[in-house]
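# Structural description and commentary
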6 protein chains.
Amino acid sequence: MPDQLTHFDAQGQAHMVDVGDKAATRRLAVAEGLIRLEAATLRLIEDGSAKKGDVLGVARLAGIMAAKKTSELIPLCHPVALTRVALEFELLPDPPAVRCTASAETVGPTGVEMEALTAVQVALLTIYDMCKAVDRGMEITGVRLLQKEGGRSGSYRHPSAP
Amino acid sequence: MPDQLTHFDAQGQAHMVDVGDKAATRRLAVAEGLIRLEAATLRLIEDGSAKKGDVLGVARLAGIMAAKKTSELIPLCHPVALTRVALEFELLPDPPAVRCTASAETVGPTGVEMEALTAVQVALLTIYDMCKAVDRGMEITGVRLLQKEGGRSGSYRHPSAP
Amino acid sequence: MPDQLTHFDAQGQAHMVDVGDKAATRRLAVAEGLIRLEAATLRLIEDGSAKKGDVLGVARLAGIMAAKKTSELIPLCHPVALTRVALEFELLPDPPAVRCTASAETVGPTGVEMEALTAVQVALLTIYDMCKAVDRGMEITGVRLLQKEGGRSGSYRHPSAP
Amino acid sequence: MPDQLTHFDAQGQAHMVDVGDKAATRRLAVAEGLIRLEAATLRLIEDGSAKKGDVLGVARLAGIMAAKKTSELIPLCHPVALTRVALEFELLPDPPAVRCTASAETVGPTGVEMEALTAVQVALLTIYDMCKAVDRGMEITGVRLLQKEGGRSGSYRHPSAP
Amino acid sequence: MPDQLTHFDAQGQAHMVDVGDKAATRRLAVAEGLIRLEAATLRLIEDGSAKKGDVLGVARLAGIMAAKKTSELIPLCHPVALTRVALEFELLPDPPAVRCTASAETVGPTGVEMEALTAVQVALLTIYDMCKAVDRGMEITGVRLLQKEGGRSGSYRHPSAP
Amino acid sequence: MPDQLTHFDAQGQAHMVDVGDKAATRRLAVAEGLIRLEAATLRLIEDGSAKKGDVLGVARLAGIMAAKKTSELIPLCHPVALTRVALEFELLPDPPAVRCTASAETVGPTGVEMEALTAVQVALLTIYDMCKAVDRGMEITGVRLLQKEGGRSGSYRHPSAP
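Residues numbered from 1 in each chain as written. Chains lettered and ligands numbered in written order. Predicted model: local features only at pLDDT ≥ 70, side-chain atom pairs only at ≥ 80, totals over all residues. Heavy atoms only, no water.

## A look at the overall build of chain A
- In terms of regular secondary structure, chain A is built from 4 helices and 5 strands.
- Listed by position from the N terminus, the elements making up chain A come as β-α-α-α-β-β-α-β-β.
- Here the C-alpha coordinates of chain A stretch approximately 50 × 30 × 30 Å along the principal axes.
- Buried positions account for 65% of the 162 residues belonging to chain A.
- Pairs at least 24 apart in sequence give 69% of the contacts found in chain A among residues at least 6 apart.
- With an accessible surface of roughly 5,500 Å², chain A has 51% of that area assigned to carbon and sulfur atoms. (Helix = DSSP H or I, 4+ residues; strand = E, 2+ residues; numbered from the N terminus. Buried < 20%, exposed > 50% of the residue type's maximum accessible area, 1.4 Å probe, protein only. Contact = heavy atoms within 4.5 Å. Areas by Shrake-Rupley, 256 points an atom, 1.4 Å probe, with all protein chains shown as cover.)

And the structure:
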């Protein structure tokens, strides 16, 4: 392991790393995360997809839009022209939770891990927001990178990725 | 538990809930979350505070600035004039992790839970960004509301809050 | 009619008008607009609410979020702490069109007409975006203020308002 | 006509469509729209270009800046690096109106129709904002795509385009 | 002089200072700055106000809009609901320069010095942008607070203020 | 010297200049600026780097993040995908001042002077914000372009550049 983080120069000062020499290649990242909630809250979300309010539809859009804001939120991130963003949700009954998986892609000099992770985080926060009046003990957990393709550092696949 | 989420109207359509009749009172929210990482990464962060790059200083600012962007990120959140935002970090040795705690305050008609949670999420994402070149298995976890004061629904304190 | 617009000073220079002396009162504005499209496109939108993609759900969220960005878009608008935003859609069969009605509210020194109009405009643009691959002749039309309450200038109701 | 909108996947879920395989070509879009207003308001705008406040100058800048914000406003739009934006205004005496025409260009994998339409919408909203104190019955109308060049779907020219 | 800056806590960590207890009072700030340029550039600007392009009109709008973005730009600034923003320009012949003066006002718990200064800085940068093709040696200088009213710390007037 | 500014068309109307034909080349810009302050304020900043609050660390991040917002702030600037941003600070004892130097790079059709200048301006404003409680007479001065590489107009080096 290096003894220095790349986001800091030799004097320990933060900078936006030079990627001007890196080739523009196709990049993909997939991230996931969970929000744990009460069983009754999960049922409200499940019903909502039908008639009472589409919690997951709202959260999906929030995640997509947040991915586009990643470089505004993460100080040292490069601006990225995303070519694709998609989010999936899965309702897990026991223990009750919603899993969110986000994929982000670009053709460019930098990876899009942060974009996929930001999409997951904001989608889960949005679920939290919509359910907080009925369930205050929700917890966002297990947010991590599942997969990464493209770029000099090659592919990565989390041991638990399907 | 109600059978309807307040962010949707009787037809199940999302809206920004009317808070025009709610009194402007002092509101506080405290949220926390963890990022789990390798022991070597934790040491880099620890050293960094001294000389090699202040990871936590960057993450703290990112969290503060993100709190101000909450209503841009969370679709149905009301805009809030924050009167205070502060973040604390704690290095946990075993298992190795960084804990982030964020406090947000306002004087207004709505609570600031989402602002505190957004600060935590973005601060932890920023740590992820700065350390991802040396540690790809990091995981953000345990993001939850610890405490809430003010407003019609009164105080809340998570069972695990100190 | 005055011979001078309030957004310009005596020298004709644009400024953000002083509202520091105006009382904070409850304000409401309702605006509407239409997008005309082909009958087949209207049917796709109608079906979509069920299963194939919720065009109106996406447009509604886009409108709500755009209302919060009004003062970033309209150069001389004051920042406004919106207390409520809601959008309704109506499918009109003949000639085929979607009507969008947006309501915005605040408690403050300035009106929220621009917020309601911006919500309508961006909601209709979002419908355009989602349908443009199948229907290039769509037209956004009839965007106007229907109603306005609160503030020194009193109430307003468009002759055609219900 | 397809029975599915491209902004939704096979399950009807919104996503940002994959454009990673599309070639970066030169793209142009031209859109137009009108704001109908009273004859006296039109005269104020006309005079204003001279001395009392340049309504159209402010609206033009607002349109240019809004074009750059399109992907923040329209949820499923890709971020686009615009290479040119220009707006023209024409004063129409009878019935009194201002016509706005906006052109947007890029070199990239996606079209810029939404950028041109957003520029028109925000420019017309800005005229509305500056004139609303003297004329509350204004109406924005006839907002549509006039022309489109570049990309796989080829050129498009509205029947009414000059 | 205190030995500690208020934007940092006792441990030296940045925070957004608590203003929840401060009264909402009327606040004013006036700032100024200069851009020095060649005499020929100054003449282009002077002519432009007439026919060839209104450099100062564009810069004025940029300054007004930037004032509204201050809390997004300055990390520890509180969000402020501005009630007035106005900019003046003065052409100084010898040595050739443009002076920009910006006033900002609010009714709130914090001052608006940063808003006035940000307006000046961005207005001058915008002049730079528009003239840089003909004059690369321009310099922005003398940016400072002229006056401040309201709030616990009372009034301030720069020794050189008129 | 031309008798027309490129940001305006033949009718004197502002537009975002067409860069669709310009080659994407590597571009660099370096800008600098000073903030003059009292000697005691300079000592607080100097100490701060150690323990009492890292003023320059906060200002550096603010500058990096502002560079990414340049095209939102400067009306006629093209959006730019920055590939590198870095800021340096130097403490000048006599007369007491902090000098900020910012470098910005991209690979694209337009230069990045405005990005480097915006980084300097916002970094210096951020120092102002953090020190204004103890020193109201600070002045930002000498903000200018030091160096520019790449693009049709070739290299530029300010006479005073090192």
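This is not the end of the story, as more comes after the structure.
## A word on helix α4 (residues 113-131) of chain E
- In this model α4 of chain E runs 27 Å from its N-terminal to its C-terminal C-alpha over 19 residues, within 8% of the 27 Å that 1.5 Å per residue would give.
- Among the 19 residues of α4 of chain E, 19 are classified as buried, and the element is accordingly described as predominantly covered. (Expected span 1.5 Å × (residues − 1).)

## Considering the interface of chain B and chain A
- In this complex, chain B contributes 60 residues to the contact, which on the side of chain A involves 60 residues.
- Summed over both sides, the interface between chain B and chain A buries roughly 5,200 Å², with carbon and sulfur atoms accounting for 65% of that surface.
- Put simply, chain B and chain A have 4 salt bridges between them.
- Notably, a salt bridge pairs Lys-69 of chain B with Glu-72 of chain A, separated by 2.9 Å at the nearest N-O pair.
- Put simply, chain B and chain A have 12 residue pairs in polar contact (both at pLDDT 80 or more) between them.
- With 12 residues, helix α4 (residues 113-131) of chain B is the largest single contributor of residues to the side of chain B that touches chain A.
- In the side of chain B that touches chain A, the residues fall into 30 nonpolar, 16 polar and 14 charged.
- One ladder, built from 2 bridges, connects strand β4 (residues 139-149) of chain A with strand β4 (residues 139-149) of chain B; its direction is antiparallel. What sits directly across from Val-143 of chain A, in β4 of chain B, is Ile-140 of chain B. (Buried area = accessible area lost by both parts, 1.4 Å probe. Salt bridge = Lys/Arg side-chain N within 4 Å of Asp/Glu carboxyl O. Polar contact = N/O pair within 3.5 Å; in protein donor to acceptor, adjacent residues only side chain to side chain. Nonpolar A, V, L, I, M, F, W, Y, C, P; charged D, E, K, R; others polar. Pairing = 2+ DSSP bridges.)

## A closer look at the relation of the copies chain B and chain A
- Each copy superposes on the other: chain B lies on chain A with an RMSD of 0.0 Å after a rotation of 180° and an axial shift of 0.0 Å. The superposition of one copy onto the other is thereby described by a two-fold rotation axis. Judged by C-alpha distance, Thr-141 of chain B is the residue of chain B that lies nearest the rotation axis, at 1.9 Å.
- Same-surface contact between copies: 100% of interface residues of chain B are shared with the interface of chain A. (Least-squares fit on C-alpha atoms with pLDDT ≥ 70 in both.)

## Here's the deal with the pattern of salt bridges
- Tallied over the full model, the rule gives 72 salt bridges over all chains.
- Sharing partners across several salt bridges, the network here consists of Lys-69 and Glu-72 of chain A, Lys-69 and Glu-72 of chain B, Lys-69 and Glu-72 of chain C, Lys-69 and Glu-72 of chain D, Lys-69 and Glu-72 of chain E together with Lys-69 and Glu-72 of chain F.

## Some remarks on unusual backbone geometry
- Looking along the chain, the bond that leaves Asp-94 of chain E and enters Pro-95 of chain E is cis, with omega of 0°.
- Looking at the element boundaries, Pro-95 of chain E is found in the loop between β2 (82-93) and β3 (96-108).

## Section: the relation of the copies chain D and chain C
- For the pair chain D and chain C, the relating rotation is 180°, the translation along its axis is 0.0 Å, and the fit reaches an RMSD of 0.0 Å.
- Of the interface residues in chain D, 100% have counterparts in chain C that sit at the interface too, so the contact is made through matching surfaces.

## Some details on the UniProt feature "active site" (unreviewed entry) in chain A
- Under the UniProt annotation, the feature "active site" (unreviewed entry) is placed at Asp-129 of chain A.
- Note on placement: Asp-129 of chain A falls in helix α4 (residues 113-131).
- Beyond its immediate chain neighbours, meaning those up to four positions away, Asp-129 of chain A contacts His-7, Ile-74, Leu-76, Cys-77 and Met-114 of chain B. (UniProt positions renumbered as here; feature names shortened; annotations may be inferred.)

## Overview of the interface of chain D and chain C
- Tallying the contact residues gives 60 residues for chain D and 60 residues for chain C.
- Both sides of the chain D and chain C interface together cover about 5,200 Å² of buried area, and 65% of this is carbon and sulfur.
- Viewed at the interface, chain C and chain D are joined by 4 salt bridges.
- Across the pair Glu-139 of chain C and Arg-144 of chain D runs a salt bridge whose closest N-O atoms are separated by 3.6 Å.

## A few points about the environment of Ala-66 of chain F
- Its location among the elements puts Ala-66 of chain F in helix α2 (residues 55-67).
- Residue class for Ala-66 of chain F comes out buried when judged on its relative accessible area of 2%.
- Between the C-alpha atoms of Ala-66 of chain F and Thr-118 of chain F, which are 52 residues apart in sequence, the distance is 6.5 Å.
- The residues contacting Ala-66 of chain F, other than those within four sequence positions of it, are Leu-73 of chain E together with Thr-118 and Val-122 of chain F.

## What about the arrangement of the chains?
- No part of chain B reaches chain D; the closest C-alpha pair between them is 10 Å apart.
- Between chain C and chain F there is no contact, and the shortest C-alpha to C-alpha distance separating them is 10 Å.

## Quick look at the packing of helix α4 (residues 113-131) of chain C against helix α4 (residues 113-131) of chain D
- The geometry of α4 of chain C relative to α4 of chain D is characterised by a closest axis approach of 11 Å and an angle of 165° between their N-to-C directions. Between α4 of chain C and α4 of chain D, the angle is such that the two are roughly antiparallel. Remark: the crossing between α4 of chain C and α4 of chain D carries right-handed chirality. The segment α4 of chain C lies against α4 of chain D, with Met-114, Leu-117, Thr-118, Gln-121, Leu-125, Tyr-128 and Asp-129 of chain C engaging Met-114, Leu-117, Thr-118, Gln-121, Leu-125, Tyr-128 and Asp-129 of chain D.
- Its residues placed into classes, the contact of α4 of chain C with α4 of chain D shows 8 nonpolar, 4 polar and 2 charged. (Axes fitted to C-alpha atoms, helices over the stretch in contact; angles between N-to-C directions. Parallel < 35°, antiparallel > 145°, perpendicular 65-115°, else oblique. Left-handed = near helix turned anticlockwise from the far one by under 90°.)

## Focus on the confidence of the model for chain A
Residues and elements named next belong to chain A.
- Looking at chain A as a whole, its pLDDT mean stands at 92, while 95% of the residues score no less than 70.
- Highest mean pLDDT in chain A belongs to helix α3 (residues 70-73) (98); lowest belongs to helix α1 (residues 39-52) (80).
- At the level of chain-chain contacts, confidence expressed as ipTM amounts to 0.96, with global pTM at 0.96. (pLDDT = per-residue confidence, 0-100.)

## A few points about the nonpolar core
- Counting 317 residues, the largest nonpolar core has Ile-127 of chain A, Ile-127 of chain B, Ile-127 of chain C, Ile-127 of chain D, Ile-127 of chain E together with Ile-127 of chain F as the members making the most contacts within it.
- Excluding its chain neighbours within four sequence positions, the residues that come into contact with Ile-127 of chain B are Ile-35, Ile-45, Val-55, Leu-56, Ala-59, Phe-89 and Val-98 of chain B. (Core = buried A, V, L, I, M, F, W, Y, C linked by side-chain atoms within 4.5 Å.)

## Thoughts on the pairing of strand β4 (residues 139-149) of chain E
Residue and element names in this part refer to chain E.
- With respect to burial, β4 is a largely interior element, 9 of its 11 residues being buried.
- Here strand β1 (residues 25-36) pairs with β4 via 8 bridges, running antiparallel. Looking at the pairing, Ala-29 lines up with Lys-148 of β4.
- Where β4 meets strand β5 (residues 156-157), 2 bridges bridge the pair, whose relative direction is antiparallel. Bridge pairing in β5 places Gln-147 opposite Arg-157.
- What sits between β4 and β5 in their antiparallel hairpin is a turn of 6 residues, with Gly-150 showing a positive phi close to 95°.

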